[in-house]
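Descriptive structure summary
Here is what each chain is made of, one letter per residue.
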Amino acid sequence: MYLYLPVALTSINIIVPVGLGLVVGLLSGLFGVGGGFLMTPLLIMFGIPSTVAAATDSNQIVAASTSGTYAHWKVGNVDFKMGLYLLAGGFIGGLVGVQGIKVLNAMGNADFVIKMTYVLMLGIVGSYMLFESLMSMRKKKSEEVKADKESAMGKFLKSLPLQTHFEKSGVTHSLLVPVIFGGFVGILAAIMGVGGGFLMVPVMVYILRMPMHVVVGTSLFQILFNCIEVTFLQAYTNHTVDFILAVLLLLGSTVGAQVGAVFGRKLKGEQLKVILAVIVLAVTVKIVFDLTLTPSLLLGQSGGH
Amino acid sequence: MYREQNIRSWTASLNNLWRMSITFLFAILGAFAPADDAAAELTARANHDRIKIDFFYHGSTVSISGISDPGADLIITMTSAEGHQALKKKGKVAGFLWMNVGDMKFEHVPNMYAVHSTRKIDDILSPGEMEKYVIGYPALGKHIEMTPALSGEERDRWFNEFVKFKEASKLYTTSAGKVTTAMENGKQKYYILTAWPYQAPPGDYIVTVYAVKDKTIVEKAEAKVRVEHAGVVKTLFDMAKNNAGLYGAISIIAALGAGFGVGLVFGKGGGAH
């Protein structure tokens, strides 16, 4: 059955958005990512204008992350304190990133910077996560044992002022650490036009040394707030949120997020990281192909990356 | 004097009688004249003059029919008003990376452009007539303006890319031979059934039917098709544009509600524990 989307101004078979929502929601519940880096290109592939795809995806992530946060909160896997500091940093970073995009647009090379940031960040994060997870699985070391091993980075973070204990995550950090790294992710997310979950998760795992299951719940919590802000701004300033498309997507994604949260508890932290790393790398390879193969159309709608 | 007046009056009556007789005679002759002479005027009719985009809209079909001069070829164009289109241009960066390298603006281009004819346009219409009435892609290519301004092969190349882009979104199409004609009671009737793309946005569209003889357009007729939003689609579209704050708030509240709702359902079922 086809439905007409009033803002996207196109018609779509309802199986497509509900199915996409289910798959991406599943990833969201499993890994604590919003899934924007997957969903937005998929929606564009199915004929949704790029600006509407990005804005509407934010709207459906609000639903998926609410559903996911709720499921993780019920089992005590959301560190609200850490989430709020990351949010504060992310908010500042987002503002800086948006200004950065304006400068790049004025210089005329925004697209190149955005695409390269995408490939590099996804490639580095995916490769590192895959390598690290496989190594630790081989050594059969638990997350707790690894946490004891102090790196130079760890020592530096410990030396910063305003140290505080994050009870839920079982870690002690300076307040500056989540704010600064949250800000860094916020800048990149704004440049890339994504929520930044796939960047925030590795930051929490490898820099903040939080346990994987708390990482997922906390990441969803901060994604929820980011996406509420983005949805409102997109609807208010650009008129690009398609309510019908969002409803179809969230029909799938809210259920997917719940199923993902259930499956996630059955998988080990290392296994989750390996699967996420493989997905991130697969998306990287797809982007590299898109960049190097001659496109079928040399003209495209304005407004997308 | 009186006699002179009588003679004038008598002559005038005779003249009137003569005129009436001639008119009557022509009327009688007209009634017995061959029927196809009376059917020379071109007509055009679209079966839908209003297409409503409602919740379950997935495009439509429009049939165009009418009467034309026997033996005339027909060309039917369906176009939106001319306007401008700004598109992103893809090019190679650093010799091997395809990405957006700038904007291309096209002026005097219709958003939708469909041309259907009884035979191949090149076989039935002269190049001069094609350009005069902007019929066919080559004529449209000469008619539009591009920014940055290009000439020669480069202009042709980017116009072809533009047509490829529009054809991919089903807004541009051409066909030859799909307009069928049949003689009925000495009149030539024509007919075509076309798919109306769901990608065509709301607005007024003009259907123009050209009758062609000896590679020249001899007559044209027009019909209008209006596409408009209706029902839920109209309500949401208008709200998104005119009441954006409320629309954004409702979108967020609905998403939060759906997320919590599904969370509660799964929670009660034991899924979250």
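What counts and what doesn't
Residues numbered from 1 in each chain as written. Chains lettered and ligands numbered in written order. Predicted model: local features only at pLDDT ≥ 70, side-chain atom pairs only at ≥ 80, totals over all residues. Heavy atoms only, no water. Helix = DSSP H or I, 4+ residues; strand = E, 2+ residues; numbered from the N terminus. Contact = heavy atoms within 4.5 Å. Areas by Shrake-Rupley, 256 points an atom, 1.4 Å probe, with all protein chains shown as cover. Pairing = 2+ DSSP bridges. Axes fitted to C-alpha atoms, helices over the stretch in contact; angles between N-to-C directions. Core = buried A, V, L, I, M, F, W, Y, C linked by side-chain atoms within 4.5 Å. Buried < 20%, exposed > 50% of the residue type's maximum accessible area, 1.4 Å probe, protein only. Salt bridge = Lys/Arg side-chain N within 4 Å of Asp/Glu carboxyl O. Buried area = accessible area lost by both parts, 1.4 Å probe. Polar contact = N/O pair within 3.5 Å; in protein donor to acceptor, adjacent residues only side chain to side chain. Nonpolar A, V, L, I, M, F, W, Y, C, P; charged D, E, K, R; others polar.

A word on the overall build of chain A
Along its length, chain A carries 12 helices and five strands. In chain A, of all internal contacts separated by at least 6 residues, the share reaching a separation of at least 24 is 76%. Surface accessibility of chain A: about 12600 Å² in total, with carbon and sulfur atoms responsible for 71%.

Some points on the overall build of chain B
Helix and strand counts for chain B come out as seven helices and 13 strands. A separation of at least 24 residues holds for 68% of the contacts in chain B among residues at least 6 apart in sequence. Accessible area of chain B: about 15200 Å², with a carbon and sulfur share of 57%.

Description of the sheet that holds strand S9 (residues 172-176) of chain B
Residues and elements named next belong to chain B. Strand order in this open sheet of six strands is S2-S13-S12-S4-S7-S9, and the pairing throughout is mixed. The open sheet has two edge strands, strand S2 (50-53) and S9, and neither has a second partner. Going across the sheet, the axis of each strand differs from the next one's by a mean of 15°, ignoring polarity. Here S2 pairs with strand S13 (residues 216-229) via four bridges, running parallel. Among the inter-strand pairings, Ile53 is bridged to a residue of S13, identified as His229.

Comments concerning the nonpolar core
With 61 residues, the main nonpolar core has Ile64, Ile75, Phe106, Tyr190 and Trp196 of chain B as its most contacted residues. The element that contributes the greatest number of residues to this core is strand S12 (residues 203-213) of chain B, accounting for six residues. Core analysis: the second largest hydrophobic core is formed by 52 residues, Val203, Ile207, Val214 and Val215 of chain A among them.

A word on the pattern of salt bridges
Residues and elements named next belong to chain B. Applying the stated criterion across every chain, the model contains 13 salt bridges over all chains. Asp204 is the salt-bridge partner of Arg226, the closest N and O atoms lying 2.7 Å from each other. Of this pair, Arg226 sits in strand S13 while Asp204 sits in strand S12; the two residues are 22 residues apart in sequence, bridging distant segments of the chain. Here the salt bridges share partners, and the residues they tie into one network are Arg50, Lys52 and Glu228.

A short note on the interface of chain B and chain A
Listed by partner, the interface residues are 56 residues for chain B and 56 residues for chain A. Of the roughly 4900 Å² buried where chain B meets chain A, counting both sides, 71% is carbon and sulfur surface. Here chain B is connected to chain A by 11 residue pairs in polar contact (both at pLDDT 80 or more). Of all the secondary structure elements, the ones that give two or more residues to the side of chain B that touches chain A are strand S5 (82-93), strand S6 (97-110), helix H5 (152-168), helix H6 (231-242) and helix H7 (244-268) of chain B. Among the elements that take part in the side of chain B that touches chain A, H7 of chain B stands out by supplying 19 residues, more than any other. Class assignment of the residues belonging to the side of chain B that touches chain A gives a composition of 36 nonpolar, 11 polar and nine charged. Bridging between strand S5 (residues 299-301) of chain A and S5 of chain B involves three bridges; their strand directions are antiparallel.

By themselves, these are just geometric observations and shouldn't be taken as functional.
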